[in-house]
Structures are given as C-alpha cells and as structure tokens.
Amino acid sequence: MSTASLSVDGLLDQAKAQTGLVDFGDDWFMEPLARLVEETNADAGLVAPDVGAGQRIQAALMDRLALVQYFKDHPEATDEEIEPACAIIGLPRTGSTVMHRLLASVPELTSLYWWETCFPLPFPDEKSGDPSPRIQMAHQVVDQLLTEWPDFESIDPIEAEVVAEEVILLDRTFLSTTYDSM
C-alpha cells in the first residue's frame, strides 16, 4: 500500500482557499507545523493527505486564520482579562481527564466544555451570545466519532457538553500531544 504526503505549503494554501482568509498572523507556528508535517509524513502511514492527521492539521490552520481575523474584527477582545488558576495538560492515559473533571467540580473554578475546545471561535453566522450552532456541531462530531470508532469511549469518555481538557486547544499550536496519540 502506498502512502500519501502532506506539504506545509499545500496545507497553508488549502486553509486560505477554504476560509477566504490569508493572514495567519505571527509566523512563530511555522517551525512546529513543519516538524509535525515532517514527522507525520515519516511515521503516520497516510493513505490520503485530506483525512486523519491531514484533516486535523488543516482544521487547526483554518482556526488560526479565523482567530487572526476575529481579533481584527473585534480588537476589544484583547482588553478582556482572563486569570486561569491552572491548566491541566497531560499525556494520554495518565488520568488527566479524571483530574480535570475533579477540579472542574469546584464551583470557584471554571472549565471549558468539549464543544468550546473544538470550536473556540464563533461561527461566521453565529449570533452573539448564542453558541448553539457550535454545540450542535460538536454533538454531530461526537456522534460521528463514536459511530466510526465505538471503542473510543473506553479510552476517553467524550461528550459534547462535558468538561474537557485544554490540551485540545493546543492543537492550533502544532505542539500538542494529541496529534501523536491519534
């Protein structure tokens, strides 16, 4: 069986074409992206560049474009102060999900839901203050994942509206452990 390859330039161009946006912002992410693409090509055994790892990288690039545009459209967002008490980031199968959910049960602490980690930015047609389109999309993604991979919940309990680890947000940095664990 032959394998396919990803290319950084191809992924960047596809993200631009799919979003209609062109500004990725600060290019600090290019080095980890290049390394991730290199390692994926060497070790993942891709059969098609537009599924699996390629699809995840593509989505992260599209989110990066959308984030840069969001701050252009809403510069006031940079004035918001967020004071995190901690962030739980752990390697797969180490108990980090359980620890995260335990800490999230403390009323004084806040946590992200799975839908927020997967869709952190408002959709283009989303009404301010109404994240229901993202929540609905998250339910569809979870349903599809569990249909295609029914045993997934035995290694990671997943629900669209349950507390999730922030590590999922790191996918957009290309420095996340989730790429190699998937």
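Residues numbered from 1 in each chain as written. Predicted model: local features only at pLDDT ≥ 70, side-chain atom pairs only at ≥ 80, totals over all residues. Heavy atoms only, no water.

Draft legend 1. Region of interest: the overall build of the chain. Along the chain, the regular secondary structure elements total seven helices and zero strands. In the chain, the order of α-helices and β-strands from amino to carboxyl end is α-α-α-α-α-α-α. Summarising its shape, the C-alpha atoms of the chain cover approximately 50 × 40 × 30 Å along the three principal directions. When each of the 182 residues of the chain is scored for burial, the buried share is 30%. (Helix = DSSP H or I, 4+ residues; strand = E, 2+ residues; numbered from the N terminus. Buried < 20%, exposed > 50% of the residue type's maximum accessible area, 1.4 Å probe, protein only.)

Draft legend 2. Fine view of the packing of helix 1 (residues 8–19) against helix 2 (residues 30–43). In the contact formed by helix 1 and helix 2, the axes pass within 10 Å of each other and the chain directions differ by 115°. Contacts between helix 1 and helix 2 involve V8, L11 and L12 from the first element and M30, L33, A34 and V37 from the second. Across the contact of helix 1 with helix 2, the residue classes break down as seven nonpolar, no polar and no charged. (Axes fitted to C-alpha atoms, helices over the stretch in contact; angles between N-to-C directions. Contact = heavy atoms within 4.5 Å. Nonpolar A, V, L, I, M, F, W, Y, C, P; charged D, E, K, R; others polar.)

Draft legend 3. View of the side chain of S176. Mapped onto the secondary structure, S176 falls in the loop between helix 6 (132–148) and helix 7 (178–181). There is a polar contact of 2.9 Å between the side chain of S176 and the side chain of D171. Sequence-distant contacts of S176, defined by excluding residues within four places in its chain, comprise V167, L170 and D171. (Polar contact = N/O pair within 3.5 Å; in protein donor to acceptor, adjacent residues only side chain to side chain.)

Draft legend 4. Structural detail: the confidence of the model for the chain. The predicted model of the chain has a mean per-residue pLDDT of 87, with 93% of residues at 70 or higher. Within the chain, helix 1 carries the highest mean pLDDT (96), whereas helix 7 carries the lowest (74). (pLDDT = per-residue confidence, 0-100.)

Draft legend 5. Up close: the side chain of E166. Counting through the fold element by element, E166 comes out in the loop between helix 6 and helix 7. Salt bridges are absent for the buried E166, whose nearest opposite-charge side chain, R101, sits at 11 Å. Residues within four places of E166 in sequence aside, it is in contact with C86, A87, I88, H100 and L112. (Lys, Arg positive; Asp, Glu negative; His and termini not counted. Salt bridge = Lys/Arg side-chain N within 4 Å of Asp/Glu carboxyl O.)

Draft legend 6. How the structure looks around the pattern of salt bridges. All chains considered together, the criterion is met by five salt bridges. For D63, the salt bridge is made with R172, and the minimal N-O distance between the two is 2.8 Å. One end of the pair, D63, is in helix 3 (residues 53–73); the other, R172, is in the loop between helix 6 and helix 7, with 109 residues separating them in the sequence. With a closest N to O distance of 2.8 Å, E126 and R134 form a salt bridge. E126 sits in the buried class, given a relative accessible area of 13%. Residue class for R134 comes out buried when judged on its relative accessible area of 9%.

Draft legend 7. Just the nonpolar core, in detail. The biggest cluster of nonpolar side chains holds 16 residues, and the ones touching the most others in it are L33, I57, L61 and F174. For I57, the contacting residues outside a window of four places in its chain are L6, L11, L33, L36, V37, T40, F174 and Y179. Membership of the second largest hydrophobic core comes to 13 residues, among which are W115, C118, F119 and V142. (Core = buried A, V, L, I, M, F, W, Y, C linked by side-chain atoms within 4.5 Å.)

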